[in-house]
Each structure stands twice: as structure tokens, then as C-alpha cells.
Amino acid sequence: MIDNPYRPFAAEIIELRRETSAEFTMKVKAGADFCPGQFFQVSLPKIGEAPISVSSFGPDFIEFTIRAVGTLTNALHEYRVGDRIFIRGPYGHGFPVDKFRDRDLLIVAGGSGLAPVRPLIQKSLAGELGIRSLKLIIGFKNSEGILFSQQIEEWAKKSDLTLTIDKAEPGWSGKTGLVTEHIKKFPKDNLKNLEAVVVGPTMMMKFSTAELVLLGLKEEQIWVSFERLMSCGIGKCGHCKIDYTYVCVDGPVLNYPHASRLID
Amino acid sequence: MSADLNRKKVTKNAFRITKRRNHTALRVRVPGGHITAEQIAMIADIARRFGDGNMHITTRQGFEIPNIPFEKMAEVNAALNPLIEELQVANGVSFAASNSGYPAAGMRNISACIGNRVCPFANTDTTAFAQKLEGQLFPHDFHVKIAVTGCPNDCIKAHMQDFGIIAICEPQYDYDACIGCEACEKVCKRKVTGALSMKNGKVIRDARRCIGCGECVLACPTGAWTRNPQKFYRLLIMGRTGKRNPRIAMPFLNWVTEEVVIQVIRNTIPYIDRYILRCLPKEHIGYIVDRTGYDVYRREVLENVKLNPEAKIARTMQWPGYDTLNDANMRSADYWKG
Amino acid sequence: MNSYSLTRSNFKDIFDRLSAEYRLFGPKRLAGRGRFSDTDLITCDFLADIDELEFEEKSFMSPKSVVFPADETTFVFNEEEFKEPLMRDQREIIVFLRPCDINGFARLDKIFLENGDRVDPYYQRRRQKIHFFMIECSSSFENCFCVAMQSNHTDNYAVALRFDKESIEIQIRNDHFNRFFESFGTKSAFTPEFVKEDAVKVELPDNDEMPAEIFNHQMWSEYDQRCIACGRCNTSCVTCTCFSTVDIFYPDSRTCGERRRVWDGCHLDGFTEMAGGHSFRKNKGDRMRFKTLHKIYDFRKRFGFDMCVGCGRCDDVCPEYISFSSCINKLGSTLKGEKA
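A quick note: this is a predicted structure, and the numbers were derived from the prediction, not measured.

Digging into the overall build of chain A
Thought 1: For chain A, the helix and strand inventory stands at eight helices and 15 strands.
Thought 2: For chain A, the C-alpha radius of gyration of 18 Å lies close to 18 Å, the compact-globule estimate for 264 residues.
Thought 3: The principal-axis extents of the C-alpha atoms in chain A amount to approximately 55 × 45 × 35 Å.
Thought 4: Across the 264 residues that make up chain A, the buried fraction comes to 58%.
Thought 5: For chain A, the exposed area adds up to about 11,100 Å²; of that, 50% sits on carbon and sulfur atoms.
Thought 6: With 32 positive and 31 negative side-chain charges, chain A shows a separation of 2 Å between the mean positions of the two kinds.

Concerning the domain arrangement of chain A
How large an interface is tends to be reported as the accessible area lost when its parts come together.
All names here are of chain A.
Thought 1: Domains assigned within chain A are domain 1 (9–91) and domain 2 (97–259).
Thought 2: Averaged C-alpha coordinates put domain 1 and domain 2 at centres separated by 21 Å.
Thought 3: Roughly 1,700 Å² of surface becomes buried between domain 1 and domain 2 when both sides are summed, with 59% attributable to carbon and sulfur atoms.
Thought 4: Its salt-bridge partner being E63, residue R118 comes within 3.1 Å of it at the nearest N-O pair.
Thought 5: In this assembly, domain 1 and domain 2 are joined by five residue pairs in polar contact (both at pLDDT 80 or more).

Brief notes about the pattern of salt bridges
All names here are of chain A.
Thought 1: For the coordinates displayed, the defined rule picks out 65 salt bridges over all chains.
Thought 2: A salt bridge links R103 to E195; the nearest nitrogen and oxygen atoms lie 2.8 Å apart. Remark: E195 occurs in strand β11 (residues 194–199) and R103 occurs in the loop between α2 (97–100) and β7 (104–110); sequence separation between them is 92 residues. The pair formed by R103 and E195 is uniform in burial state, with each residue classed as buried.
Thought 3: Where salt bridges share partners, they join E15, R17, E19, K27, E63 and R118 into one cluster.

So, the side chain of D120(C)
Thought 1: Within the secondary structure, D120(C) sits in the loop between α2 (99–114) and α3 (121–127).
Thought 2: Looking at D120(C), its side chain comes within polar contact range of the main-chain nitrogen of Y122(C), at 3.1 Å.

What counts as what
The residue numbers shown here count from 1 along each chain, following its written sequence. As they are written, the chains are lettered A onward and the ligands numbered 1 onward, keeping that order. A pLDDT threshold of at least 70 governs which residues receive local features in this predicted model, and a stricter bar of 80 or more applies before side-chain atom pairs are shown or counted, although totals over entire chains, interfaces and linings include all residues. Only heavy atoms go into the side-chain values, all of them from the structure, while hydrogens and water stay out. Runs of H or I in DSSP of at least four residues are treated as helices and runs of E of at least two as strands, each being numbered from the N terminus. The size measure is the radius of gyration over C-alpha atoms, and the globule rule it meets is 2.2 Å times the number of residues to the 0.38 power. Each residue gets one of three labels from its accessible area relative to the maximum for its type: buried under 20%, exposed over 50%, partly exposed in between, using a 1.4 Å probe on protein chains only. What sets the accessible areas is the Shrake-Rupley method with a 1.4 Å probe; for residues, cover comes only from the shown protein chains. As used throughout, the charge tally considers Lys and Arg to be positive and Asp and Glu to be negative, leaving His and the chain termini uncounted. By convention, the charge on Lys lies at NZ, on Arg at CZ, on Asp at CG and on Glu at CD. An automatic or database domain assignment supplies the residue ranges for each domain. The term buried area refers to how much accessible surface (probe radius 1.4 Å) is lost by two components on association, counted for both of them together. The term salt bridge refers to a pairing of a side-chain nitrogen on Lys or Arg with a carboxyl oxygen on Asp or Glu at a separation within 4 Å. Polar contact is the term for a pair of N or O atoms within 3.5 Å; when the atoms are in protein, one must be able to donate a hydrogen and the other to accept it, and sequence-neighboring residues count only if both atoms are side-chain atoms.

This is the structure in C-alpha cells:
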């Protein structure tokens, strides 16, 4: 078969970084030019395949930030620099970067939801997307769970960044409270020129988007990214279908008016 | 004046001595416990005309009609004739119904669970098998109890018989049709013996753990597990209740065909004839096997039996039971006050 | 278009001649292999002999397995590469099936050939070999509701067949097959009939948008208790296309194995389970709602026609006596505001 969309290709691991006790970032050598928010099907022969979002990419590399919670992700955890994994993609619709041009962008990320928006943040800050201003609200359950902490420090220098953990804890001098509480504090002026991106756990997305609507944002100005079980990534296997929407091909990034009407 | 009876002859004719002087009770055979509404009306009619209108349903699925005066035996036997025609002669027994009632009462009614005419779990038509056995074995005078059950649930209590026949199913696996849903593996683990395990998304059947219940076939949503259309049986032997040594029957043959089961039971008759203690009024078959030993029994009943290739034979035989004599374990109430 | 009247022995000869060039697939009776003892299993499989073709009764399984096998190897791998397995038998395939199932293939085509703008190559390489030999349904079976689903009729067949007591009537739409028939039988004016009415009446909701209340409606909760998640409604369905990918390893190899895709189904446990254990539809009622709306609502929203073809197999096979056609009617009543 010449054109087999299921065929994965080998990608060599060129760097591994531990992020938290459960999460690590795997950088593989692969030529890539795609849209922030897209995902790859990552597989290990004999273990299996799963969709994993891209947490960074450049002309010759892709990064995956992986939480070791399942069979595949646990197995990936054992891999070392120089080993090869198999990937195929990119799949799905990423963030609508063309729509973000000349707009103010607010990104609300919760927990491991920061991984899929990281390329969007990086490209925004690098000036590649023509975004007018970038504001970030990033929340984690606790300080131990903070991903990309060094980068967050750098981003804070270049953007209006709020880093918060759910509850106060000893040794933490930063902000506390759920991301929704920080959305409430967001200035209400000039919302017309704003686009908001919300990515994180299901409940966090539900309440954050509701808060943004309360703030005065139109539903059309909000974008979310879904995570579902997938076997194919190309609209065949049926696992990620919600109503008439296939998250793999119509998403994973969806405009909120569309996403809010999807009931699993 | 009391009736002048040949008690042994009467008993053999399926009439029994009862508490009530000059009155008997008739045991009506119902092979497989299966009977039509018309047949049951015929039995009811005998009870009405010759008894007192009462009928008792026996543990072996026959009927007992009490309170028949001994003097009515000939009339009762005549009335019984059409029933014997339908339930015995039609099933192939080797005697002609001749208005003289049942020719023997040693071999008890062959009972059976409802079987696959109704029950989804049943691996065979137990009714038909019981009727066929009736044709093959009745009449004879040795005291032998037989029951056929459709699956290892053993609703008919085959484990309490001299011959307990359990219909089993050999599940056959279509590897390509299996979707690895694990329904069979779960049901086998939860309800049966855990003979199935998953490997590489497929099912592995441990034939030595499989008891042939057919639950995997029932559970499979794709028809990956199907029944081997060839039917198999497990034959349990020499279970009993009774005053001396109650015990459950144990597996003698496994994965044998209907023909083997029938032949082995048929071969048991001459074995009994050879070894029975005639000094006793009647000796149960189980006690005969106790005396000759399992090895002798096995050798003699399997002689000239053409075993199917799947057949398995028990190497040794030990029956779990207890000796009723042994009351050393029993204590009076004051013991427990201590 | 030519029609012929054949005798049984004519048809046997034709079957044998077809077998020499094509692989033949259709409803097949496996005696004594039914779920219950002394019952038969009517499945769909490759046929070696005319006697294997079951043309009277409805099959338990659908013919979808001819293009979408229950378990298909997509790759053979070692640590270096993934290779597609070859399709060993390259012959074209004649499928004996009924009108509803032919319409079912149009649903499979939508998912495997069009959805997501990608062609599924494994499906395609089988699909392009298929010729439909339609078995006429003059009357419907117990649970059929094909008329309601407008799948009782089709012109998409190479040959149509009517099995009468003595004769077999055929009509050839694909002239390519003329050569097999013209030397046998006598010319006739046979045209197949189609079912005009089913005993099962189904009223389809025609909502373009399903009200949000329907998704959370209590009508689904009865299935929480009734459904046992056995998946028979999915596996027997001619239009269920869902699958999962599994990797298997060769036990004696350190490096080699296969990637396979295996039928999955929205009623089966684990269908929506994410790594870490979260499931989106734990309740059976939610699964019933998901399936029902997919079959008669959201597929239409995406592709313009309903997915369900009304073959009624889900009702035939459900061990818990859940009727899908009744469920559709209950949904209709609920939508109309009637008490279901």
C-alpha cells in the first residue's frame, strides 16, 4: 500500500526531560511543520498506540510531554535517548492561528493541558503568529505538578502570566486559587479584540469557559481542545465521536459554540 | 380377611406394601420426567377410579398412586396398558404391553432435568436421552438409579445416582472471529473453573480445567465460541443416599459419547449378576463395586466398549462420603455448656 | 438487463463455475453450532459449496466481515519497520446478501472511504473486489424495519436472485456476469420485488437538531439496568464500524509482532476509557443513547442519510430482549412530548 495513513515512521529520541514525578518530555528527531494544537499517534511495537499532543516542535524536532498513566505511556517512560519510537501524524485541526492574528490572546491552561498549548505560547512569544498581546493563566493542583517551570519563568518576562496552584502550601509564595478565580479578575475592557483558549481537565474546561462567558466573552471567541480515546486518528475507529463530531478530524481544537453542545 | 399375596411378585410388578393393610401404592414410571397432558390425565384417572384420588410426585419424577386395594391390581394393570405403550414400548423397551403392568421395578425411573427443549444452559435433549435409556435398559430387576442432567449445574442431582450422566459441550474456538471482549473469560472465571485466560487479545482454553458447561458459548457475542456438534457426556458413578454410607457419585468417564454411556450401563447389568450377594434381599450396585474394587468394575464394564478418541477414564476412584456408624463426633448438649 | 429462470441443478453448475473465478461469500448455516444446543448458527462466511448457502433464513452475523473482518492484521512489525500483510487471495468476491445489507455497505463506505477525507486502505482493497448478488426479500423477517429506514430497496447489485421451491429466478444488472448464466436456463422477465411493509413499525424522528434535554433524558436510564454490555447489537450490526487497535507479540520472538484492528463497540466496557481509567460513558443507558442517536440522527447530520438500515439483527440477538426499534419509537414519543 503506497498511501497507508496507519503506517507509523520511526523517530529517534534525542532528549528526555523529567517535568514532574509523573510527567516527562520526550524530544524526537522528525521534520515537522504543522499547526499548534495538532496531535500524533505515538506507538511502541508490541505495546500499542495512543494519541499524544505535541508540546513543542521545530523544523527538525517534535516534543511530546507524556504523563505515565497507561500501558503505552508507562512503557514510553522506560525509553532512553537514542531509542526509537514510532509516530504518525500530525492529525486534526489545531488552533486557528489565522484568526488569532492581530488579536489579544488569553490562554487558560490547567495541569497537563499546558502541553498542547505550549507550541501556541512559544510561537506567539516568538512573534510568529502576529498576536497583539498574550495573557496566560496557568493553574496546577500543587507546586509539585508544575510543568515547564523554567519556561514559565521566561514566559512571565515576556507576557502577562498568572501562575496559580489550587491551594496555598508551605514554601509557595505565588498565587493560589483555581484558574476560574483568576479569570474573574481579568479586565473587562477591550474584550472585543480577545480570543481565549482553554485547555485542561474536563471539569476545569467546563467551569473556565462558563467563567469566560460570564466575563462577557462571546462563545465564538473561545476555543477548547478535547482529549478522547482514539485508535486511528483519522475518523474511522469511532472512539472519539461525540454527536456528529469526530474529535480526531474535526478537533481536537473546537470553537466553543460547537464544543459546548457536544455531550459524550 | 387379608389378601393372600406373593409379596415379591407384587413388588416386582411396581405395587408396594404400604402401611394400610390390604392397600397398595403403584409406582408409575415417567422416563425423563416428561409427560403429556393426556398421559397425566390417564394417571389421574387410575388414581380416581382405583385409589382415593390422591397422587404423589416422587423424587425420581414418577407418580405414586396410593390407597389402591390389592384386589384391584389386575384392573389397574389393564388401565395402565396404554400408558406403558406410550412411555415404555414407544421408547423401545423389549417387552410387549400385555395388560399385566410393569414387568420389573428394580431399575428405578430414569429422571432428567428439563434439558435443551427449554433450558438455554442444557447441552443436550435430556428427555430424549432418558427415554432412550429406558428403552435400552428397562426392564430388569437390579436396583439401579440413573439420572440425566443437561449441564454441570446438575439440577437433577446426578451426583446422587448410581449413574449420573452430565451432558457437556466441547467449545470450539474460531480465532479469527474473536474480538477479545473477554466475556467468556469473565464468565468462566466468575461462574466456573477459570479455564479460559487472555493472551494477546485472544482466549486460551485450558482443556484440563474445562468442565464443558458451555458458558463461553452462551457468552460469546460473535460466535467465536461454538459447540462441537458432537455431543459429549461425563458419567458419574456410584453416588447414593442410604443408611450406611451416603456419598456423591464421582466421575468415571469424561468426554464420552452417548453410545459409550449406554454401553457401559448395559455392561453393568451382567457385572451385577456376577458379583451380587444373593444372601441379601437386595444389594445396591455401589456396595458391589466397593467389594470388587473399582479396577474390576472398570475392566469389566469397559470390555468390548468402543471408546471415542476424546474419551477419558478415571485412573482411581475415591468417593467422598461418610460412614453413618461413626457417631464419635457427636456430643450431647452438656458438652457445649462447658 | 437479462433475466433467466434456472433449475436447482443449473444453479449448482453456475455456482461451481463462479467458484472457479471468484471467492463466494454469504449466509452460511453451521449445523449444531448455535448459541443453544441443537440449534444452528447462521453466520456470514466464505462458501465452498452451494449447499452451504443459506438463502431462507436471516443470518445472525452481518456480511460486513467480508470487508471489515472482526480481527485484521494491519501491520507486521519488528523493531525496525511496519509492513502491511499481503492479501493472499486476489480473486474478486461475490457476496450473497439482502437489500438492507447492500444499503449497509453504503454506510460502511462513508466511514471507511470518506470520513476525515482519508481512505482506509485495508477496507478499500477488499471493497473494490466486491460484487453484490442480491437475495430477494419478498417479505420481511421478525424484527425487520427496513421500510422505515428506506433500505428495503436497492438497485446496487450485479445479480438479483429469487429462490423458489423448484426454480431460481435471476436478473443480471452487471453484464459482465452474463456469460455465467446465458448457456443455462431460459430467458425470463424476472425483476426482483422488494419488501413493501414490515410488521415492525418505526417512526423516525426527523429532528435536524436533537434537543439537549434528550441527551440527559431519563428515558435512557431504564437501559442502565436492562443492558448487560455484551456487545451483540454492535457485532451483529451491518453498519457498526468501530474498532480498536491492539499490538500482539509472537511469544517466541523478542522483536516481532503484529498490529491488528479488532471490532469494538459502543456498548462494550472500555470503549471510552482513557489511559488513567476515566470513562465517558459508564452507564449502559448512556451507551444506548449514544448508539441510538448515532444510528438514526448524528450520522445523518454528517452524511445526509441514516446509518441504521433496519435489518433488526440487534433485536434478533439481544439476550436481554432490548428492542432497538422500540427504543427509536420511545425516542419519537419523548420528542413529541408524550410519555414514553
